[in-house]
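# Inside the fold
Chain by chain, the residues run as shown.
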Amino acid sequence: MNHPADLKYARTHEWVRIEGDLVVTGISDHAQLELGDLVYVEAPEVGTQVVATEQAGIVESVKTASDIHAPISGTVVEVNTALEDDPDFVNEEPYGKGWIYKIKPDNMADVEKLLSNTDYESGL
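From a predicted model like this one, the values you see are computed outputs, not experimental measurements. (Residues numbered from 1 in each chain as written. Predicted model: local features only at pLDDT ≥ 70, side-chain atom pairs only at ≥ 80, totals over all residues. Heavy atoms only, no water.)

## Some words on the UniProt feature "domain: Lipoyl-binding" (unreviewed entry) in the protein
To keep things clear, this is the line we draw: UniProt positions are given in the numbering used here, feature names are shortened, and annotations may be inferred rather than shown by experiment. Helix and strand definitions follow DSSP, with helices as H or I runs of at least four residues and strands as E runs of at least two, each counted in order from the N terminus.
Using the residue numbers shown here, the UniProt feature "domain: Lipoyl-binding" (unreviewed entry) corresponds to residues 22-104. A helix fraction of 18% and a strand fraction of 42% characterise residues 22-104, whose end C-alpha atoms lie 5 Å from each other.

Structure, rendered in structure tokens:
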């Protein structure tokens, strides 16, 4: 499994990366491996206010469906529309082309409350 050290992780298997004043999020390599081949990604709509730890979307695989939880609170400002046609980007590049949505955080300091890659991996 690949969990880059420059990202932060939620216990619910989402990752975040700070890009300027935004936070990019997706599901971890561990999560996509457990789910198997993804066939559908439902991201929150642009403008949606998401709340940390609450459901923000859904991913469906050939095996099961799973909730995507918001790792931090904020407003969704962009979604990865490429996943509509190619949800397998999440399997192929969960930290690259497989990002799911971007948040304008209510409080950027909330990112620091998330797990490091080593803390995340120790909980798997």
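Let us keep going from here.
## Considerations on the environment of Lys102
Along the chain, the position of Lys102 falls in strand 9 (residues 101-105). Put simply, Lys102 and Arg17 are 85 residues apart on the chain and 9.4 Å apart in space, counted from C-alpha to C-alpha.

## With respect to the sheet that holds strand 9
Applicable threshold: Criterion used throughout: strands pair if DSSP finds at least two bridges between them.
Reading across the sheet, the six strands line up as 1-2-3-9-8-5 and stay open at both edges, with antiparallel pairing between neighbours. Edge positions in the sheet fall to strand 1 (8-9) and strand 5 (49-50), since each has one partner strand and no second. In the sheet, strand 8 (residues 74-79) pairs with strand 9 via five bridges, with the strands oriented antiparallel. Residue pairing across strands places Val79 opposite Tyr101, the latter belonging to strand 9.

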